[in-house]
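Notes for the structure review
Listed here are the chains, written in short residue letters.
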Amino acid sequence: MRLRPVLTLSAVLLFSACSIQPWVKPYERDRLADPIMAWDRDAISSGYMDHIRESREGSRGATGGAGGGCGCN
Amino acid sequence: MARRQRIFARAAVIAALLLVRSTSADVLPDDRADLFYSKYSGGGMDITGESALVRKKITENWAVEANYFVDKVSGASIDVLSQASVIKDTRKQKTGTIEYLHDKTTYTASYINSVERDYVSNTASFSLSQDMFGDLTTVTLGYAKTNDKVGENNGTAWVPIIDWLGYAQTSSYSGGISQIITKNFIAGVNLQVITDSGYLANPYRSIRYLDSSNPKGYSLASQVYPDTHTSTAVTVQGKYYLPYRAAVTASYRYYTDTWGVVGNTVELDYTHPIKNIWILEGRARYYKQGQATFYSDLFPFADSQNFTARDQNLAALDNYTLGAKATYAFLPDGWKFFKRATVTLDISRIRFNYTDFRNIKYYGVPQYPPGTEPLYYFNATVSQIYVSMFF
């Protein structure tokens, strides 16, 4: 069975993950905590831009933005 | 006949489906209040948007948020030119959200109601966000369900007569991982699958087919869409803190759906603060898509195939965006119970190019027989200004 090694490896990774030590310590995250590193600083604004694009494009989704939006015909 | 007005509500619903938040689950975000104004001008359309948002923590574990959005549309786009009417409508959207933080998990539930005279939409969504592995990883899962009532205005822009055409249902399933890679670099992956069923066509857009009995050389007919649609989108993104205080974000999205549309999006963003007073941001975005399998700019004859569309959203197209944003902290040290306050101006310029959607404004011009008109393109400007108060 080819599946067995995959399952074994998955199980090892899963259980070893329980003991993962953070390689970036909390005191090293000051830069990551800077507001300029936020994925989305302004939910209304990003939702609005998503909305405009989805009104004009065939694609949608997976933008990680928030709701809201404008009307675009 | 007042004609068309609609995709706009569907797009609002889809935007609402994206409510999965990528917040860190250790603490709830700050309380804030926002006043927002926006204007979109392009392709013959003018759209203004006004919004107010209030977010408040009730305790350290519970927060509520309310958002009210009104947008007003007026103008006559390229589709309308083919059907001789003017658009004028208002959409009102109300959103209520409640968040609960328990240990390292944030649970979010939202309800959205969007109403315009020919379209009513209600969405309920739920998501959870979990920090794990020493808070290096945030996993987000979300589900949303939308019910829409779809109508068509067969009156005028000023005296509407609404014919209700049917219903549409949408389910959205989303998941995302945000991962701290180094002390300067964070990466993320988002996946979203959306399924629709019911009345999915835009009643305000028409196909055209060759018709020698018509002086224009073509005639118009209603679009016929499949009554199901499933899309899958995956985004990978990274954000890097530069050696000086500034950040670069890059993202790529791949999109595919059961209607044959394949889209690719790349985006690059640079954020540069100046002291604690200004945050300046510049961005560039490029998007390209192929056409849906049942799309054609000009069909050979009426009823030439089961499904037919000439909606410009389903045409082959590309667009590129250049944008700039400036945020000014006018109360950097706070005032009374406000911790800080900012005002933001954001301007984007977008160029749309269609590679198989022709400019029917040229119909009847002798040198442009049907199917040889110049390809359509237009420029749009999107302006936003908003005040944010944090408390």
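Look a little higher up for the structure.
Because the structure is predicted, anything quoted here is derived from the model rather than measured.

Concerning the overall build of chain A
A count of helices and strands for chain A gives 2 helices and 0 strands. Burial statistics for chain A: of 73 residues in total, 52% are counted as buried. Accessible area of chain A: about 3,700 Å², with a carbon and sulfur share of 66%.

Regarding the overall build of chain B
A tally of helices and strands in chain B yields 2 helices and 18 strands. Scored against the burial criterion, the 391 residues of chain B give a buried share of 52%. Long-range contacts, defined as pairs at least 24 residues apart, comprise 62% of the intrachain contacts of chain B with a sequence gap of at least 6.

A closer look at the nonpolar core
In terms of nonpolar packing, the biggest core is built from 42 residues, with A:Tyr48, B:Tyr40, B:Tyr225, B:Leu314 and B:Tyr354 touching the most fellow members. Those elements that provide at least two residues to this core are α2 (43-56) of chain A together with β1 (32-42), β2 (45-57), β3 (62-75), β17 (340-358) and β18 (375-390) of chain B. Ranked by residues supplied to this core, first place goes to β18(B) with 5 residues. Ranked by size, the runner-up nonpolar core spans 10 residues in total, among them A:Leu32, B:Ile180, B:Tyr241 and B:Ala247.

A short note on the interface of chain B and chain A
The interface is formed by 95 residues belonging to chain B together with 45 residues belonging to chain A. Carbon and sulfur atoms supply 56% of the area buried between chain B and chain A, which totals about 5,800 Å² over both sides. Counting every contact that joins chain B to chain A gives 6 salt bridges. Here A:Asp34 ties to B:Arg245 by a salt bridge, and the two come within 2.7 Å at their closest N and O atoms. At the junction of chain B and chain A, the tally comes to 27 residue pairs in polar contact (both at pLDDT 80 or more).

Thoughts on the environment of B:Ser129
Tracing the chain through its elements places B:Ser129 in strand β6 (residues 119-132). Residues B:Ser129 and B:Thr105 lie 24 residues apart in sequence; the distance between their C-alpha atoms is 5.5 Å.

Examining the side chain of B:His229
If you trace the backbone, B:His229 turns up in strand β12 (residues 228-241). A polar side-chain atom of B:His229 sits 3.0 Å from a polar atom in the side chain of B:Asp257. In this structure B:His229 touches A:Arg60, B:Ile194, B:Thr195, B:Asp196, B:Leu200, B:Tyr255, B:Asp257, B:Thr258 and B:Trp259, once residues within four positions along its chain are discounted.

Some points on a positive patch on the surface
On the surface, a cluster of positive charge is made up of B:Lys72, B:Lys88, B:Lys92 and B:Lys94. Topologically, B:Lys88 is positioned in strand β4 (residues 87-102).

A short note on the pairing of β17(B)
All names here are of chain B. One ladder, built from 13 bridges, connects strand β16 (residues 317-329) with β17; its direction is antiparallel. Bridge assignment links Ala 329 to a residue of β17, and that residue is Thr 342. Looking at chain direction, β17 and β18 are connected through 15 bridges and run antiparallel. If you follow Ile 347 over to β18, its bridge partner there is Ser 383.

Remarks on a nonpolar patch on the surface
Residue and element names in this part refer to chain B. Residues Val 189, Val 236, Tyr 252, Tyr 254, Val 262, Val 266, Tyr 286 and Tyr 320 make up a contiguous nonpolar surface patch of roughly 640 Å² in combined accessible area. The residue Tyr 252 is located in strand β13 (residues 247-257) in this model. Relative accessible area serves as the criterion here: at 32%, Tyr 252 is assigned to the partly exposed category.

Some details on the environment of B:Thr170
Summarising the element assignment, B:Thr170 is placed in strand β8 (residues 162-182). At 2.8 Å, the side chain of B:Thr170 forms a polar contact with the side chain of B:Asp196.

Some words on α2(A)
Compared with the 20 Å implied by 1.5 Å per residue over 14 residues, the 20 Å span of α2(A) between its first and last C-alpha is a close match. Taken across its 14 residues, α2(A) has 13 buried, putting it largely inside the fold.

Side note on the pattern of salt bridges
All names here are of chain B. For the structure shown, the criterion picks out 19 salt bridges over all chains. The closest approach of N and O atoms between Arg 91 and Asp 71, which form a salt bridge, is 3.0 Å. With a gap of 20 residues between them, Arg 91 in strand β4 and Asp 71 in strand β3 connect regions that are remote in the sequence. By relative accessible area, which is 0% here, Asp 71 ends up buried. Of the charged contacts, one joins Arg 310 and Asp 297 as a salt bridge, the two residues approaching to 3.0 Å between their closest N and O atoms. With a gap of 13 residues between them, Arg 310 in the loop between β15 (278-289) and β16 and Asp 297 in the loop between β15 and β16 connect regions that are remote in the sequence.

Notes on the packing of aromatic side chains
All names here are of chain B. Inspection of the entire model under this criterion finds 23 aromatic pairs over all chains. For the ring pair Phe 36 and Phe 69, a centre distance of 6.0 Å and an interplane angle of 50 degrees mean the geometry is tilted. Of this pair, Phe 36 sits in strand β1 while Phe 69 sits in strand β3, and the two are 33 residues apart along the sequence. When sorted by exposure, Phe 36 lands in the same class as Phe 69, which is buried. Taken together, a centroid distance of 6.2 Å and an interplanar angle of 85 degrees make the contact between Phe 338 and Phe 391 edge-to-face. With Phe 338 in the loop between β16 and β17 and Phe 391 in the segment after β18, the pair connects residues that are 53 residues apart, well separated along the chain. For Phe 391, a relative accessible area of 19% puts it in the buried group. Here the aromatic cluster, defined as three or more aromatic residues joined through ring pairs, consists of Phe 352, Tyr 354, Phe 357, Tyr 376 and Phe 378. When the ring centre of Tyr 218 is taken as reference, the NZ or CZ atom of Arg 208 above it lies at 4.8 Å. Over the ring of Phe 390 we find Arg 340; its NZ or CZ atom is 3.9 Å from the centre of that ring.

Definitions and cut-offs
Residues numbered from 1 in each chain as written. Chains lettered and ligands numbered in written order. Predicted model: local features only at pLDDT ≥ 70, side-chain atom pairs only at ≥ 80, totals over all residues. Heavy atoms only, no water. Helix = DSSP H or I, 4+ residues; strand = E, 2+ residues; numbered from the N terminus. Buried < 20%, exposed > 50% of the residue type's maximum accessible area, 1.4 Å probe, protein only. Areas by Shrake-Rupley, 256 points an atom, 1.4 Å probe, with all protein chains shown as cover. Contact = heavy atoms within 4.5 Å. Core = buried A, V, L, I, M, F, W, Y, C linked by side-chain atoms within 4.5 Å. Buried area = accessible area lost by both parts, 1.4 Å probe. Salt bridge = Lys/Arg side-chain N within 4 Å of Asp/Glu carboxyl O. Polar contact = N/O pair within 3.5 Å; in protein donor to acceptor, adjacent residues only side chain to side chain. Patch = residues over 30% accessible without salt bridge, like charges linked within 9 Å, V, L, I, M, F, W, Y side chains within 5 Å. Lys, Arg positive; Asp, Glu negative; His and termini not counted. Charge placed at Lys NZ, Arg CZ, Asp CG, Glu CD. Pairing = 2+ DSSP bridges. Expected span 1.5 Å × (residues − 1). Phe/Tyr/Trp six-rings, centres within 6.5 Å; stacked < 30°, edge-to-face > 60°. Lys NZ or Arg CZ within 6 Å of the ring centre and 35° of its normal.

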